[in-house]
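Examination of the molecular architecture
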Amino acid sequence: MSETLPAPQAPQPHTAAEAPRSNTVLREILRGSVVTTVLALVAAFVVGGILIAVTDEDVAESAGYFFARPGDTLAAIWSAVAGGYEALFRGAIFNTRADDFVGGIRSLTNSLGAAAPLIAAGLGVAVAFRVGLFNIGAQGQIVFGVAFTALMTFRLDLPLALQLPITLLGGIIGGAIWAGIAGVLKARTGAHEVILTIMLNYVGVLFVEWMVSTQGVLQKAGTTQPISNPTPSGAVFPDLGPAFPNLDLGFLFVILATVFVWWLLEHSSLGLRMRAVGENPHAARAAGISVPRIYIYAMLFAGGLAGLAGMNQVQGAVTSGFNQHIDAGFGFDAITVALLGRSRAWGTFAAGLLFGALKAGAYQMQAAGIPVDFVLVVQALVVLFVAAPPLVRTIFFLPKGDAEKSAKARAKALRKAVAQ
């Protein structure tokens, strides 16, 4: 007697829980911050290219007869955009028109040199961010750190092996002292760190302006100009060699600082307490962590790193004398670098390299007829897109993140509750 075979079952579609693991991994990668940041950079440069085309004179001229000869307009757009970004590449990465390799690589070393103070100051801002503090006082910490080390070490006249590290340490200590004032006031009185650091910026800059304008304090002897004495020869960072033109020892100190911040925040017990305070100070206090003490520690580290940024200026880029503008805008650019790096050590390092490359490449773009302010526009676009991950995901049709899904679910529930 033959047995009746069961009818074949139709394949069932995968449920969300049974989805192939490869799809889940791909979805998580696309939701990740790395992909979002890279695509934010792509979007910023695309919009920047549109701005180059819109403002180019040849494009505007050929657009006047677009319907007669559209190819001329498209060719002018390509020439303007490709020429602008090629000039940026030559100024920031490698000068393809140089006579030799060392001349070509000078563009990259210029970018690294411009990035060094940005990275150091950005690390200081990032450390404060991880503890829940918005430190916008890097400008004051840089200028005071420079003035502090000039007062304490410039007259020592020591050999290089002693003068260089003592001057460097003096700048770090000076920056830490200036930031520590805000940290102590925050910890002891609860005053908001944004107000404190903004006001200390003004105080620090004006204080240093007085010092470099007063004979017997920091003003260069025999001049009425507000400028200090040159950096002692023993305190100047030596160059890294002919293979690295325009790059000095300061960049290696910045790399060491990045490694230190990474270890501090991710692998030390103090870093664990700092992150806990940044996540929830009330829960950290309940767990026995001294929140005021962590605030002070965070600001001391932040100020010391800002002081390192100042030392990259006064011991490297500006050795002929400094004034109250020695920070050269790095203090506020550091906030953008830390935000772009998502307050992580290596993310901040990469963001600093990007901004350093933009600064170095801006001069070649200017030579190509593109205003140097264009770089500021690109930086602003980068921050705009990085600060708005949902916008980037929408533009590139990426999967929504869990936070966005939760927000959408809460909004839907709220609408339903209101309707009832």
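The paragraphs below set out a description of the structure included in this document.

Here is what the cut-offs are and how they apply
Residues numbered from 1 in each chain as written. Predicted model: local features only at pLDDT ≥ 70, side-chain atom pairs only at ≥ 80, totals over all residues. Heavy atoms only, no water. Salt bridge = Lys/Arg side-chain N within 4 Å of Asp/Glu carboxyl O. Buried < 20%, exposed > 50% of the residue type's maximum accessible area, 1.4 Å probe, protein only. Core = buried A, V, L, I, M, F, W, Y, C linked by side-chain atoms within 4.5 Å. Helix = DSSP H or I, 4+ residues; strand = E, 2+ residues; numbered from the N terminus. Contact = heavy atoms within 4.5 Å. Axes fitted to C-alpha atoms, helices over the stretch in contact; angles between N-to-C directions. Left-handed = near helix turned anticlockwise from the far one by under 90°. Nonpolar A, V, L, I, M, F, W, Y, C, P; charged D, E, K, R; others polar. Parallel < 35°, antiparallel > 145°, perpendicular 65-115°, else oblique. Patch = residues over 30% accessible without salt bridge, like charges linked within 9 Å, V, L, I, M, F, W, Y side chains within 5 Å. Areas by Shrake-Rupley, 256 points an atom, 1.4 Å probe, with all protein chains shown as cover. Phe/Tyr/Trp six-rings, centres within 6.5 Å; stacked < 30°, edge-to-face > 60°.

**Section: the pattern of salt bridges**
Side-chain pairs of opposite charge can arise where the charged atoms are in close proximity. A full pass over the atoms with the stated rule returns six salt bridges. In this structure, Asp72 engages Arg69 in a salt bridge whose closest nitrogen and oxygen atoms are separated by 3.1 Å. Look at Asp72 and you get partly exposed, because its relative accessible area is 29%. With a closest N to O distance of 3.2 Å, Lys186 and Glu193 form a salt bridge. Of the two residues, Lys186 and Glu193, both sit in the buried class. Here the salt bridges do not stand alone but share partners, grouping Glu86, Arg90 and Arg97 into one network.

**Let's talk about the nonpolar core**
Core analysis: the biggest nonpolar cluster contains 100 residues, and Leu218, Met274, Val277, Phe322 and Met365 have the highest contact counts within it. For this core, the element with the most residues is helix 5 (residues 101-130), which contributes 13 residues. The residues contacting Met274, other than those within four sequence positions of it, are Val127, Arg130, Val131, Leu264, Leu265, Ile294, Ala298 and Phe301.

**A short note on the packing of helix 7 (residues 160-189) against helix 12 (residues 291-317)**
One can describe the packing of helix 7 onto helix 12 by two numbers: an axis separation of 6 Å at closest approach and a directional angle of 145°. Considering only the axes of helix 7 and helix 12, their crossing is right-handed. Considering only residue class, the contact of helix 7 with helix 12 consists of 15 nonpolar, nine polar and one charged.

**Quick notes on the packing of helix 14 (residues 345-367) against helix 15 (residues 373-386)**
Where helix 14 contacts helix 15, the axes come no closer than 8 Å and their chain directions differ by 150°. One finds that helix 14 runs roughly antiparallel with respect to helix 15. Regarding helix 14 and helix 15, the two cross each other, and that crossing is right-handed. On helix 15, the residues that touch Phe355, Leu358, Lys359, Ala362 and Met365 of helix 14 are Phe374, Val375, Val378 and Gln379. The residue inventory of the contact of helix 14 with helix 15, partitioned by class, reads seven nonpolar, one polar and one charged.

**A closer look at unusual backbone geometry**
Even without glycine at this site, Asp157 takes up a positive phi of about 55°. Topologically, Asp157 is positioned in the loop between helix 6 (138-153) and helix 7.

**Describing a nonpolar patch on the surface**
Taken together, Val34, Val38, Val42, Val46, Ile50 and Val54 make up a surface patch of nonpolar side chains, about 540 Å² in accessible area. A residue is classified by how much of its surface remains accessible, and Val54, at 63% relative accessible area, is exposed.

**Here's the deal with the environment of Gly361**
With respect to the helices, strands and loops of the structure, Gly361 is situated in helix 14. Distance in space between the C-alpha atoms of Gly361 and Ile93 is 8.1 Å, their sequence separation being 268 residues. Those residues within four positions of Gly361 in sequence are excluded, and the remaining contacts are Ala87, Leu88, Gly91 and Ala92.

**What to know about the packing of aromatic side chains**
Using the criterion set out here, one finds 14 aromatic pairs in the structure. Aromatic pair Phe66 and Phe67: ring centres 5.4 Å apart, planes at 80°, arrangement edge-to-face. Overall, Phe66 belongs to the partly exposed group, its relative accessible area being 31%. Judged by relative accessible area, Phe67 falls into the exposed class, the value being 80%. Considering the side-chain rings of Phe237 and Phe253, the 5.7 Å spacing of their centres and the 35° angle between planes classify their relative orientation as tilted. With Phe237 in the loop between helix 8 (193-211) and helix 9 (250-267) and Phe253 in helix 9, the pair connects residues that are 16 residues apart, well separated along the chain. Through a chain of ring-to-ring contacts, the aromatic side chains of Phe144, Phe148, Trp178, Phe207 and Trp210 assemble into a single cluster.

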